[in-house]
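Okay, here's what each chain looks like letter by letter:
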Amino acid sequence: MQTIDYPPRLELARLPTPLQPLQRLSQELGGPKIWLKRDDLTDCAVSGNKIRKLEFTLARAMEQGCDTLVTCGGEQSNHCRATAILGARLGLKVHLILRRERVDASAAAEGAAQCPDGNLFLDYLCGAHVSIYDKPEYQHRLPELFEHWAAHYNRQGCRPYLIPTGASDGTGVWGYVACAEELSKDFQRVGIDPAYIVHATGSGGTQAGLTAGSQLFRLGASVLGIAVCDNADYFSRKVAEDLRQWRESYGLSVDITESNILVDDRYVGPGYAQADAAVYQTIRQVAASEGVVLDPVYTGKAFYGMIDRIKRGEFAGAPDIVFVHTGGIFGLLAQRSRMSEWFTKDEAI
Ligand SMILES: Cc1ncc(COP(=O)(O)O)c(C=O)c1O
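All figures in this text were calculated on a predicted structure; none of them were measured in a lab.

Asks: Describe the site of the ligand, listing the residues and the values that go with them.
Replies: Around the ligand lies a shell of 19 residues, among which N78, G202, Y298, T326 and G328 are the nearest. Those elements that place two or more of their residues in the shell around the ligand are α3 (78-90), β7 (196-201) and α8 (205-216). Counting residues per element, the shell around the ligand draws most heavily on α8, at three residues. Split by domain, the residues of the shell around the ligand number at least three in each of domain 1 (19-48 + 169-342) and domain 2 (50-167).

Right under this line is the structure:
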């Protein structure tokens with residue numbers, strides 16, 4: 001097995017996460033056996049894929065003597081919530097630059113409620129400083145906003161460390177390189193040789209790490225990112241850029257061909273954080289048949305895409321495929337009103 005010199009890493013996640021088969025669902029669909037890599041179990045409130053990246057990102061921040069983390073994302077960003085919680089765990093100040101999302105009319109009405117929901121609630125609970133900007137301003141001014149808040153903390157005598165969207169950069173790549181190593185042991189243990197590793201792609205870092213790791217650890221599986229926003233061209237460039245930064249920052253000579261970056265952008269639907277009814281139906285189906293909770297922003301959308309591909313015969317001939325469950329449960333709770341009509345039946349006698 002390949003040995004890799006990992007850079008400094010904090011032990012923050014509960015690893016290894018389980019790899020489990022979805023027996024009933026796989027049988028029902030009549031396609032390949034679906035295995036779930038349970039990265040939704042990397043911890044409790046800090047569950048999901050971001051903790052794997054932040055093990056490396058926060059190690060670097062601390063190595064540089066930083067005491068304040070500044071990062072950004074949507075109002076319901078899982079990455080920002082993970083950063084807020086881990087910042088509190090490590091005794092670091094956290095400032096979140098958030099983008100206000102208008103998901104739909106009912107969500108807008110929910111936004112009018114006094115108490116923040118889902119991930120945002122946890123951000124506040126953990127003492128993060130939060131600045132929320134309307135989407136056009138956020139999109140237009142993001143680099144300037146980072147500069148502004150960095151200068152603000154510098155003036156206070158703090159040392160800020162700036163983390164890009166989703167911790168997807170050359171350092172964050174390590175998180176899913178390490179996950180690929182974990183998967184190689186999982187595959188050996190359960191005796192499978194999966195043809196595909198499928199996951200939701202949102203800022204590209206998970207895909208960059210898995211693509212590099214799959215090659216480094218000779219997993220023999222194609223890594224397929226199902227886009228939850230943007231298009232395949234955008235992600236091919238973004239993943240290639242993260243990998244370039246990773247190689248340059250750490251002096252690595254791993255050559256990843258761009259043709260190995262596989263992105264399916266047919267399932268983005270109405271846009272980021274907005275899902276069609278079919279995605280909510282999938283979330284309900286997977287929860288009721290397997291006891292696994294997906295979310296409408298990332299994993300539910302990607303899982304729906306994977307099921308659709310199975311139905312179209314796009315994984316034909318593959319006995320096993322792996323879906324990486326990257327978390328997101330708090331995003332589901334923030335959009336629960338989209339599913340409430342299903343739960344109004346009173347079954348009392
Ligand atoms: C739950 C969840 N799944 C998947 C992703 C996508 O991962 P990445 O940003 O590395 O593409 C994210 C974050 O964007 C996420 O929060």
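Asks: Got a sec to walk through the environment of G87? Specific residues and values, please.
Replies: When you line up the elements, G87 lands in helix α3. You can call G87 buried: it has 24 C-beta atoms within 10 Å. Placed 41 residues apart in sequence, G87 and A128 show a C-alpha to C-alpha distance of 8.3 Å. If we skip the residues at most four places from it in the chain, G87 touches L69, L92, K93, V94 and A128.

Asks: Just give me the short version of the pairing of strand β3 (residues 68-74), but keep the residues and values in it.
Replies: Of all the seven residues making up β3, seven are buried; the element is thus mostly covered by neighbouring parts of the structure. Alignment of β3 against strand β6 (residues 160-163), held across four bridges, turns out to be parallel. Within β6, the position partnered with V70 by the bridge is L162.

Asks: Break down the domain arrangement of the chain for me, citing the residues and quoting the values.
Replies: Each assigned domain of the chain is listed with its residue range as follows: domain 1 (19-48 + 169-342) and domain 2 (50-167). Each of domain 1 and domain 2 has a C-alpha centre, and these two points are 24 Å apart. If you list the elements that add at least two residues to the side of domain 1 that touches domain 2, you get α7 (173-190) and α12 (329-334). Ranked by the residues each element gives to the side of domain 1 that touches domain 2, the list is headed by α7, at five residues.

Asks: Tell me about unusual backbone geometry, and please be specific about residues and values.
Replies: The step from L15 to P16 runs through a cis peptide bond, and the omega angle for that step is 0 degrees. Mapped onto the elements, P16 comes out in the segment before β1 (19-21). Look at R218: it is not a glycine, yet its phi comes out positive at around 45 degrees. Residue position: R218 is located in the loop between α8 and β8 (222-227). For R218, a count of 11 C-beta atoms within 10 Å corresponds to the exposed category. Phi is positive for D230, which is not a glycine, with a value near 55 degrees. Residue position: D230 is located in the loop between β8 and α9 (232-250).

Asks: So what's going on with the packing of helix α2 (residues 50-63) against α7? Which residues, and what values?
Replies: Two elements in contact, α2 and α7, have axes separated by 7 Å at closest approach and are oriented at 120 degrees. Taken together, the axes of α2 and α7 are oblique relative to one another. For α2 against α7, the interelement crossing comes out right-handed. Contacts between α2 and α7 pair R52, K53, E55 and F56 from the former with W174, G175, Y176, A178 and C179 from the latter.

Asks: Explain the sheet that holds β3 to me, and be specific about the residues and the numbers.
Replies: One open sheet accounts for four strands, arranged β5-β4-β3-β6; its pairing is parallel. The two strands at the open ends of the sheet, each matched to only one other strand, are β5 (129-134) and β6. The sheet shows a mean angle of 20 degrees between the axes of neighbouring strands, taken without regard to direction. One ladder, built from seven bridges, connects β3 with strand β4 (residues 93-100); its direction is parallel. Looking across to β4, one finds that T68 is bridged to K93. Packed on one face of the sheet, helix α6 (residues 135-155) meets β3, β4, β5 and β6 and runs near 165 degrees to β4.

What counts and how
- Residues numbered from 1 in each chain as written.
- Predicted model: local features only at pLDDT ≥ 70, side-chain atom pairs only at ≥ 80, totals over all residues.
- Near = placed C-beta within 6 Å.
- Helix = DSSP H or I, 4+ residues; strand = E, 2+ residues; numbered from the N terminus.
- Domains from an automatic or database assignment.
- Buried ≥ 20, exposed ≤ 12 C-beta atoms within 10 Å, placed from the backbone.
- Contact = placed C-beta atoms within 7 Å.
- Pairing = 2+ DSSP bridges.
- Axes fitted to C-alpha atoms, helices over the stretch in contact; angles between N-to-C directions.
- Parallel < 35°, antiparallel > 145°, perpendicular 65-115°, else oblique.
- Left-handed = near helix turned anticlockwise from the far one by under 90°.

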